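Residue-level listing of the chains:
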Amino acid sequence: MSRVSLEGQVAVVTGAARGVGELLARKLSARGVKVALVGLEPDALKQVSDRLHTESAHWHADVTDHEAMARVATEVEERFGRVDIVVANAGVATGGPFVDSDPEAWRRVIEVNLIGSAVTGRAFLPALTESRGYLLQVASLAAMTPAPMMSAYCASKSGVEAYAHSLRAEVGHQGVRVGVAYLSWTDTDMVRGADQDDVMRELRQRLPWPSNKTYPLGPAVDRIVDGIERRSSHVYGQWWLRGMQSVRGYLPAVIGTVGQREMRRFADRLSGMRTGLVGAGGAADEQERSTGVTHRR
């Protein structure tokens, strides 16, 4: 597809305080995009905003809060006059055996990754319809490959992929394009947080190449920016993920067989695993819920 010039466009990035969201905001700004940052860490968001090359602003909001996100959408349009790009990137993760999982943490992964993405889409679709813009939903390799010890994350990313595909068919005739971005293990706070657990780290290292590697953040985000420029339906943060689409139908049976073997290998080490949200982003989410503050500019 031909590229769309990003100069002067307005982009909203959720989960923008760190990781993929932060670097994406920086790279979009370097291409002349005005950026609205949304997340749970106002001090970190302000620091990101202050370093951008173009006009920017930040909003403290929980993406699962419809009223808060509706206010954010209104205020972003008032501030910038339009919205051309929305990247639904906010996400959290937890790992470990489902039977021992913390019900609150498990539910929260679904709420943020799936419900929060839908709330984001609902809030900004009127503006995107007006601008004939682009919504990019960040999914994961986990949408293609079910994996033991990651039931909440895989369920949320499979769900959000299906949601985005459904939405693409609904809004395409209105000129709105919808894309799905897939990333494998990428060097972010979330992945580093998951790796702090010995079992999760060793299980990941035992995956077949190339899914057992941690990939640098920069090239993955460059691919996302390229996908935004092209208004792509599918964006792959790592080169080999495109090929996974052709074999994904076989993966549940393969992983179901191989996964049983791996679970037997690690069975005596599964008790006592940490069951909360991982990484600094997970800690920020837990702190947000404990304070009850959901919207602050």
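Conventions adopted
Residues numbered from 1 in each chain as written. Predicted model: local features only at pLDDT ≥ 70, side-chain atom pairs only at ≥ 80, totals over all residues. Heavy atoms only, no water. Phe/Tyr/Trp six-rings, centres within 6.5 Å; stacked < 30°, edge-to-face > 60°. Helix = DSSP H or I, 4+ residues; strand = E, 2+ residues; numbered from the N terminus. Buried < 20%, exposed > 50% of the residue type's maximum accessible area, 1.4 Å probe, protein only. Lys NZ or Arg CZ within 6 Å of the ring centre and 35° of its normal. Expected span 1.5 Å × (residues − 1). Arc of directions from axis to C-beta. Contact = heavy atoms within 4.5 Å. Pairing = 2+ DSSP bridges. Right-handed = clockwise from strand over helix to strand, strands pointing away.

> Looking at this structure, how should I read the packing of aromatic side chains?
Between two aromatic rings, the relevant description is the distance of the centres plus the angle of the planes. Going through the model one piece at a time under the given rule, you end up with 4 aromatic pairs. Seen from their ring centres, Trp 209 and Trp 239 are 6.4 Å apart, and the 50° between their planes marks the pair as tilted. You can see Trp 209 sitting in the loop between helix H7 (198-205) and helix H8 (217-230) and its partner Trp 239 sitting in the loop between strand E7 (234-236) and helix H9 (241-244), a full 30 residues away along the chain. The class for Trp 239 is exposed, based on a relative accessible area of 54%. For Arg 79, the ring lying beneath its charged end belongs to Phe 80, and the centroid distance is 5.5 Å. Above the plane of the ring of Trp 185 lies Arg 204, whose end atom (NZ or CZ) is 4.7 Å from the centre.

> Can you walk me through helix H11 (residues 279-291) in this structure?
It helps to recall that an α-helix has 3.6 residues per turn; residues three or four apart then point in one direction. The terminal C-alpha atoms of H11, which comprises 13 residues, lie 19 Å apart, in line with the 18 Å expected from a rise of 1.5 Å per residue. Listing the buried residues of H11 in full gives Gly 282, Ala 284, Asp 285 and Glu 288. Summarising the axial view, the buried residues of H11 lie within an arc of 160°, below the 170-degree limit, and thus occupy one face. Relative to its buried face, H11 has exposed residues pointing more than 90 degrees away, namely Gln 287 and Ser 290. Among the structural elements, strand E3 (56-61) and helix H4 (103-131) are those in contact with the buried residues of H11.

> What is the right way to look at the pairing of strand E4 (residues 85-88) in this model?
Side-chain direction in a regular strand flips from residue to residue, so the side chains alternate between the two faces of the sheet. Both faces of E4 are covered, namely the face carrying Ile 85 and Val 87 and the face carrying Val 86 and Ala 88. Where strand E1 (residues 10-14) meets E4, 3 bridges bridge the pair, whose relative direction is parallel. Within the sheet, the bridge partner assigned to Val 13 lies in E4 and is Val 87. Where E4 and strand E5 (residues 134-138) come together, 4 bridges link them in parallel fashion. Bridge pairing in E5 links Val 86 to Leu 135. Where the polypeptide runs from E4 across H4 and back to E5, its parallel neighbour, the crossover connection is right-handed.

> Even after reading the chapter, I still don't get the side chain of Glu 229, so can you show me in this structure?
By the element assignment, Glu 229 lies in helix H8. Ignoring any residue separated from it by four or fewer positions in sequence, one finds Glu 229 in contact with Ser 2, Arg 3, Val 4, Leu 6 and Arg 31.

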